[in-house]
Every structure is written in structure tokens, then in C-alpha cells.
Amino acid sequence: MTATTTGTDTLTRDALAVLQPGFTGTTPPDWVRRRLGEGLVSVALFGRNIVDAEQVAALTAALRAERDELLVAIDEEGGDVTRLEVRTGSSFPGAHALGAVDDVTLTRDVAAELGRRLAACGVSLNWAPSADVNANPDNPVIGVRSFGADTDLVARHTAAYVEGMQAAGVAACTKHFPGHGDTSVDSHHALPQIDLDTTTLHERELRPFRAAIEAGTRAVMSAHIRVPVLDPDRPATLSRRILTGLLRGELGYDGLIVTDGMEMQAISGTYGLEHGVVLAIAAGADAICVGGGLCDENTVLSLRDALVGAVRSGELAEERLADAAARVRALAAWTADARRSPAAPPLEPRPDIGLTAARRAVTVTRTRPTAPLTAPVFVATFTPAANIAVGDETPWGVGAELQRRLPGTEVGRFSGPDAGAEALKAAAGRRIVAVVRDEHRHGWMRRALDTLLGAAPDTVVVEMGIPQSAPRGALHITTHGAARVCGVAAADAIVAG
């Protein structure tokens, strides 16, 4: 083998090593097996890859038969964003519910149990928690994925979550650096911009990330947002000033830097996928998340070739690519060691911790005297457009839980300008439970509630998003999230009156 061939092989392996691609199917495709042998170090799992925990364990075992030190990544925040329980809803409340309880021990315990279940499935890197301070209540993509709007609260719960997750041997990935909470644009669709002064940035947005770094987070995920006070030209994912200068230099972070999904329009629609990947690695990112919507071999090969070509053309320093690949392999080795030598003593299963937390997060406000519900009701769920990070395949609400408790209960889903009138007609005089999600962000939803409450003032209102609007309805229940266990907790409160 010539020196040139050896160098080319090393370069190609490094280019594959920095990619974290998704794929289709519930068993490993042949192309993934081949690329693992050629240098691929990571894969990403999404809802399309998951049937149940046993199947995921078999899938990850088959992948590790090709490469033992493999990073298996997943976006499992719990709450509204779940992949492991995408078809049933999560057994864990999300960050906003945990922030509402504000018990850091509970947050640590919830994260540890979630991490324990991920580890049992063979998952080794979780793209969570969100350290974003939800400073903008109209934020369309963060919302209940944040621990809250208070910086100190977000910082302490971010640190607790990191500690709990990593106690289970699963690497935490704190996101979305340098903070996605003060946006009104979803980066899945376009490039958001955050216009903050330096003081606000450091005192509000960056403090939770400092807390995560102090807690030992093994990975940090970049945000596809433009922050002019830091870099007026490029979004954080592509900014050397932000990733290398701020995160590495000023904050002293030495772990893995992962990009958010590069197929998101904030990057692919602005810079192009291949060029965006090259710019991200050059800026200081180490791992490229791709596969939420792109999941074939051709995509992986085109990105590999783009990185190799950028090194050969001089656009990307070979040393930078080698450093990024080394960081990915180092984290893969850490997770492999954690898998081979689990915590001593091992974490005890806590199957009910998620429901316990969800129940503690529920807030009930009674605005007028009302009796406990004992007869069938009509559940009117007002459904907003799905958040892409959440997806539209995960069930949410309280209808199924109330049908179990109050046999004969019927449910309906409504949206749009006539939602209130349609719900009233469908209820046909029965007691109504109205379920909303971020009422304050949707004028049609607010007007639908106005219609319902004007005709049926004994309506029970359940808010499963950010409780920004004033309580109304005979009974107003806030769950701080729409996980399955949040629905269970809300149904308990409704029946109890």
C-alpha cells in the first residue's frame, strides 16, 4: 500500500467518522453495515426505526456486531419529543413539567431512569436536554421542551438532567447552543435570528450551558440560529467565532460538538447540505447530525465526498477533520466502557417515576363550583399544526384516558376558524372537556374556547402546552406538556374534580 493510498484511506475514514446518519427500517440495512466497516462511527435512530424496546435492543446489537465502539444516537427528550415511545406517547414528562415542579432531585431521577431504559436498548448518546431559556412565549419550536423562562431554574435542571442521564452510562447532549429560546421562527423551516446584547446573551442564554459543562456534559448540540452580536454573517452551527471561539475558548468546553439536523431548512435551504457540512466542521463542529428527513446511502456518500474534496481543495484543514473524527471516536469509546462496566451499584429501575413527576406537575384552578365528573363527557381536542421536532404521529391529549375512566365518553379533534361551533355541535349537550396546546399562540384556538365557554360555562379546560393564558373554564388544568403520563395525570385530576 502506497503512502498516498494510506492517506486517502485515513481521510475517507475520518470523513465517515464525523457523520451521524439515520436510515430506514427496523433492522440494519446492508449499506450501514458496510460503512461501519469503512469508518462510520455513529448512527441515529428515529421513530421510523422503532417498534418496541426489545426490537431496538436487537437492532443495536446487530449494529455493534459490525462495530463494537459505536455511538447510537437518539432524540429522546421525554415529554412531547419521544422516539422510543413515538406511537404511544412518553412515560416521562418533558422538561417544562420538571421545571414546573422545580425539584432537581426529581429531574435527576427522571433522567436517570430514562437513561437506564435507553442503555438497556443499546442507545449510547441522547440529544437532550434542552438548555434553552424559553424567553419568548411565542417560540414555535422550543416551548415545553424548555425547563422554563427563568435562567437559574433552567441552569440547575439542565445540570441535574445531565448528571442523571450520564449516571446511566448514556452521554447527554445539551442543546441548542448558544440558546434557541428567544426565537419566533422554527429553524426546521427557516433561519431564525436572535437580536440580543452581549450582557443578555451571557447572563441569560449561556448560563445553562455553563452549568451543563460544569456538570460534565459529554456533548453539546449547536443551533441553526443567527446571533449578530456574536457573528453577523453565519449561523451558530457554521460559525467559528461561536463554536471555537466562544464554546471551546471562552467557556472551556472540550467535549463533542454535534450539529442539529443539517437537512433543516435553516442550513440546507440557505447554504446547501454538502457545503453546510463542510462549513460546520471547519467552524469547530465534530459530528454531523443528518437523517431526520434524509436517510439513504447516497446522502452519506455525498457528504463523505464533500468533506474529502474540501480537504483536498484546501477549504477544510485536514487536521480539523482528523480532530473532529478523534473526538467522535473518543466519545464512542467512553460509552463502550460505560456499557461494559456499568454503574456500581447499578441503577435500580423506577418504572413509576415518570407518572409521579407528571402528577406533581399538574396545576388545578377552580373558577366556579363544579362536581367531580362521574358520567361520560365529550372531549374536544383543539389540535394545532404539528411541531416538526415533536412530529404528528405521537398521540396526545386526555381523551383515551377519560374513555377508560368514564365509559361512554366520546372524543373529537377540531381546528380552524369554526372549531368551537363544530365542537359544540358534536358535544350535543354533553359536559365538555376542552383540551388545548399553547392557546396563547393560536387565535383560532382562543376563539374556539370563547365559543365553548359562552355556551357551556361548566366546560373543563386542559392546557397541555405553555400555560401563558389566564385560567378559565369551571376547572382549569395545566399539565406543562403533552406526554402520555401528562394525559394520565390530567385525567386523574378531572375525575377527582
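Structure: above.
Computed from a predicted model, the values in this text were never measured in an experiment.

Student: What's the story with the overall build of the chain in this structure? I'm lost.
Tutor: Helix and strand counts for the chain stand at 18 helices and 14 strands. For 497 residues, the compact-globule estimate of 2.2 N^0.38 gives 23 Å, and the chain sits close to it at 23 Å. Its C-alpha atoms put the chain at 85 × 45 × 40 Å along the principal axes. Counting over 497 residues, the chain shows a buried share of 61%. Across the chain, contacts joining residues at least 24 apart in sequence account for 78% of those joining residues at least 6 apart. When the accessible surface of the chain is summed, it comes to about 17800 Å², and 50% of that surface belongs to carbon and sulfur atoms. One finds the centroid of the 48 positive side-chain charges in the chain at a distance of 3 Å from the centroid of its 60 negative side-chain charges.

Student: Just to check I follow, could you spell out the environment of F147 for this structure?
Tutor: Along the chain, the position of F147 falls in the loop between β4 (125-126) and α6 (151-167). Accessibility expressed as a relative area gives 2% for F147, which makes it buried. Separated by 257 residues in sequence, F147 and R404 place their C-alpha atoms 31 Å apart. When sequence neighbours within four positions are dropped, the list of residues in contact with F147 reads A95, H96, L98, G99, T107, P129, S130, L153, V154, H157, T158 and Y161.

Student: Before we go on, may I ask you to explain unusual backbone geometry in this structure?
Tutor: Apart from glycine, the bulk of residues carry a negative phi angle, and the bulk of peptide bonds sit in the trans form. For the bond running from A128 to P129, omega is 15 degrees, close enough to zero to count as cis. Note that P129 resides in the loop between β4 and α6. That bond from K175 to H176 is cis: its omega, 0 degrees, falls within 30 degrees of zero. For H176, the location among the structural elements is in strand β5 (residues 171-177). Positive phi is not limited to glycine here, since D102 has a value of about 60 degrees.

Student: Just checking my understanding: could you explain the packing of helix α9 (residues 240-250) against helix α11 (residues 273-283) for this structure?
Tutor: When two helices pack together, their arrangement is given by the angle between the helix axes and by the axis-to-axis distance. Interaxial distance between α9 and α11 falls to 8 Å at its minimum, and their mutual angle equals 20 degrees. Between α9 and α11, the interaxial angle falls into the category roughly parallel. For α9 against α11, the interelement crossing comes out right-handed. Within the contact between the two elements, α9 uses R240, L243 and T244 and α11 uses A280, A282 and A283. Partitioning the contact of α9 with α11 into residue classes produces four nonpolar, one polar and one charged.

Student: Please clarify how the pattern of salt bridges should be interpreted in this entry.
Tutor: Between side chains of opposite charge, a pair can form when the charged atoms approach closely. Here the structure, examined in full by the defined rule, presents 40 salt bridges. Across the salt bridge formed by D323 and R327, the nearest N and O atoms sit 3.2 Å from each other. Of this pair, D323 and R327 both sit in helix α13 (residues 318-340), four residues apart, roughly one helical turn. Linked by salt bridges that have partners in common, R248, D254, D286, R320, D323 and R327 make up one network.

Student: Whenever I open this one, the state of the cysteines confuses me. Can you help?
Tutor: Here a disulfide denotes one covalent bond, and it connects the sulfur atoms of two cysteines. Evaluation of the coordinates by the stated rule reveals zero disulfides. Here C289 is not disulfide-linked; the sulfur of C173 is the nearest cysteine sulfur, at 8.8 Å.

Student: Can you walk me through the packing of aromatic side chains in this structure?
Tutor: Each pair of aromatic rings is reported with the distance of its centres and the angle of its planes. One pass over the full model with this rule turns up six aromatic pairs. Arranged with centres 6.2 Å apart and planes meeting at 50 degrees, the rings of F378 and F414 form a pair that is tilted. You can see F378 sitting in strand β10 (residues 378-382) and its partner F414 sitting in strand β11 (residues 410-414), a full 36 residues away along the chain. Each member of the pair, F378 as well as F414, is classed as buried. Relative to W444, the ring of F382 has its centre 6.5 Å away and its plane inclined at 75 degrees; by these criteria the two rings are edge-to-face. Separated by 62 residues along the polypeptide, F382 in strand β10 and W444 in helix α17 (residues 443-455) bring together distant segments of the chain. Here F382 and W444 have matching classes, each one buried.

Student: Where do I start with the pairing of strand β3 (residues 71-74) in this structure?
Tutor: Look at any regular strand and the pattern is simple: side chains alternate between the two faces of the sheet. Judged by which residues are buried, β3 turns out to be covered on both faces: L71 and A73 on one side and V72 and I74 on the other are all buried. Of the pairings in the sheet, the one linking strand β2 (residues 42-45) to β3 comprises four bridges and is parallel in character. Residue pairing across strands places S42 opposite L71, the latter belonging to β3. Note on the crossover from β2 through helix α3 (residues 53-64) to β3: the handedness is right-handed. Bridge count between β3 and β4: two bridges; the pairing is parallel. Bridge pairing in β4 places A73 opposite L125.

Student: So what exactly am I meant to see when it comes to the sheet that holds strand β7 (residues 256-258) here?
Tutor: Strand pairing within a sheet occurs via backbone hydrogen bonds; the two strands may be parallel or antiparallel. An order of β2-β3-β4-β5-β6-β7 is seen for the six strands of this open sheet, with the pairing classed as parallel. Of all the strands in the sheet, just β2 and β7 have a single pairing partner and so form its edges. Of the pairings in the sheet, the one linking strand β6 (residues 219-222) to β7 comprises three bridges and is parallel in character. In the sheet register, M221 faces β7, and the bridge partner there is V258.

Student: Would you mind showing me how to read the side chain of R204 here?
Tutor: Mapped onto the elements, R204 comes out in helix α7 (residues 198-205). Not counting residues up to four positions away in its chain, the partners in contact with R204 are V133, A135, T151, D182 and L196.

The rules we used
Residues numbered from 1 in each chain as written. Predicted model: local features only at pLDDT ≥ 70, side-chain atom pairs only at ≥ 80, totals over all residues. Heavy atoms only, no water. Helix = DSSP H or I, 4+ residues; strand = E, 2+ residues; numbered from the N terminus. Rg over C-alpha atoms; globule rule 2.2 N^0.38 Å. Buried < 20%, exposed > 50% of the residue type's maximum accessible area, 1.4 Å probe, protein only. Contact = heavy atoms within 4.5 Å. Areas by Shrake-Rupley, 256 points an atom, 1.4 Å probe, with all protein chains shown as cover. Lys, Arg positive; Asp, Glu negative; His and termini not counted. Charge placed at Lys NZ, Arg CZ, Asp CG, Glu CD. Axes fitted to C-alpha atoms, helices over the stretch in contact; angles between N-to-C directions. Parallel < 35°, antiparallel > 145°, perpendicular 65-115°, else oblique. Left-handed = near helix turned anticlockwise from the far one by under 90°. Nonpolar A, V, L, I, M, F, W, Y, C, P; charged D, E, K, R; others polar. Salt bridge = Lys/Arg side-chain N within 4 Å of Asp/Glu carboxyl O. Disulfide = S-S within 2.5 Å. Phe/Tyr/Trp six-rings, centres within 6.5 Å; stacked < 30°, edge-to-face > 60°. Pairing = 2+ DSSP bridges. Right-handed = clockwise from strand over helix to strand, strands pointing away.

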